[in-house]
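Listed here are the chains, written in short residue letters.
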Amino acid sequence: ILEGTVRPYVLRPEFDPEKPDEPWHSGRKSCKAWLKEQTLPVYTKEENDRRLRMQAALEGCPLFQALMDACPEREKTVTANFMGLNMKCRLDAAGHWEGRRLIMDLKKTPDGSHRGWGRKANQFHYDMQIVTYAHILGLSEGLEEPPMVVHAVVEDSDAAPVTLYSVPQEMWTSGDEKLRKAVKTLQACREKDYWPAYSDNEILTPYWRTYNDTPTE
């Protein structure tokens, strides 16, 4: 999607390469030998079908295509000094939208709904990731206002719906706080040459919502 081309790959056989009547079994010597010979990425038929569904869904989404057309800078590397720390980011796509600098980040997820995406973005700290991208791009180009950020989310499912999500203020604030805390922690560790664990002298209580994040409100 980003490069406009398909990287070479091979499909894994459905049956044993040496015994066509036997179904593929990853533990069998002949199957292991076939895999060892491959120099390109190997996909199963199911994986390839899923990839093609997501690709077709993205290519068939008019808004996503409009944003892609507005973002000619693909896999763009940017560097800047943030809070005294030299940082480098690689943006999926960048350009301009309605006169404003734009970053578009492409993600796949098993649940692209509002709640599902919000949960995954929080779990994987995409808020901190995207705020980092925005800060570094803004600093590298001397922007007067932060770039507009859009997550292009495609669901890894049979339907493969595509949804474009903005970054609400709450998400921006959360990501900015995480980023600044992480930078300060890294700088302190480097300065003292001390890299502490979570705790080595007390029994901790886990954050329960980490395991059970079903909303109760």
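Every chain begins its residue count from 1, and numbering advances along the sequence as written. Selection of residues for local features in this predicted model requires a pLDDT of at least 70, selection of side-chain atom pairs for listing and counting requires 80 or more, and totals for whole chains, interfaces and linings are taken over all residues. Side-chain measures were taken over the full set of non-hydrogen atoms in the model, leaving aside hydrogen atoms and water.

(A) Highlighting the pattern of salt bridges. Should a side-chain nitrogen of Lys or Arg be within 4 Å of a carboxyl oxygen of Asp or Glu, the pair is scored as a salt bridge. With the rule as written, the count across this model stands at 16 salt bridges. Among the salt bridges present, the one from K76 reaches E73, with a minimum N-O distance of 3.1 Å. Whether a residue is buried, partly exposed or exposed follows from its accessible area with a 1.4 Å probe, protein chains only, as a fraction of its type maximum: under 20%, in between, or over 50%, in that order. Residue class for K76 comes out partly exposed when judged on its relative accessible area of 21%. Close ionic contact of R119 with D111 constitutes a salt bridge, the shortest N to O distance being 3.9 Å. For R119, a relative accessible area of 31% translates into the label partly exposed. Because the salt bridges share partners, they merge into one network encompassing E46, R50, K108 and D156.

(B) Highlighting the side chain of K107. Where helices and strands are cited, they refer to DSSP runs of H or I of at least four residues and of E of at least two residues respectively, numbered from the N terminus. Residue placement: K107 occurs in strand 5 (residues 100-109). We call two residues in contact when some of their heavy atoms are within 4.5 Å. Not counting the four nearest positions on each side in its chain, K107 is found in contact with W117, Y126, Q129, H151, A152, V153 and V154.

(C) Representation of the packing of aromatic side chains in the model. Only the six-membered ring of Trp is used, alongside the rings of Phe and Tyr, when aromatic pairs are assigned; centres must lie within 6.5 Å, and planes under 30 degrees apart are stacked while those over 60 apart are edge-to-face, with the rest tilted. Here the structure, examined in full by the defined rule, presents five aromatic pairs. For the pair W24 and W34, a centre-to-centre distance of 5.7 Å together with 85° between the ring planes defines the contact as edge-to-face. Separated by ten residues along the polypeptide, W24 in the loop between strand 1 (10-11) and helix 1 (29-37) and W34 in helix 1 bring together distant segments of the chain. Accessibility expressed as a relative area gives 12% for W24, which makes it buried. When the centroid spacing of 5.5 Å and the interplanar angle of 25° are considered together, the rings of W117 and Y126 count as stacked.

Nothing here speaks to function; it is geometry throughout.
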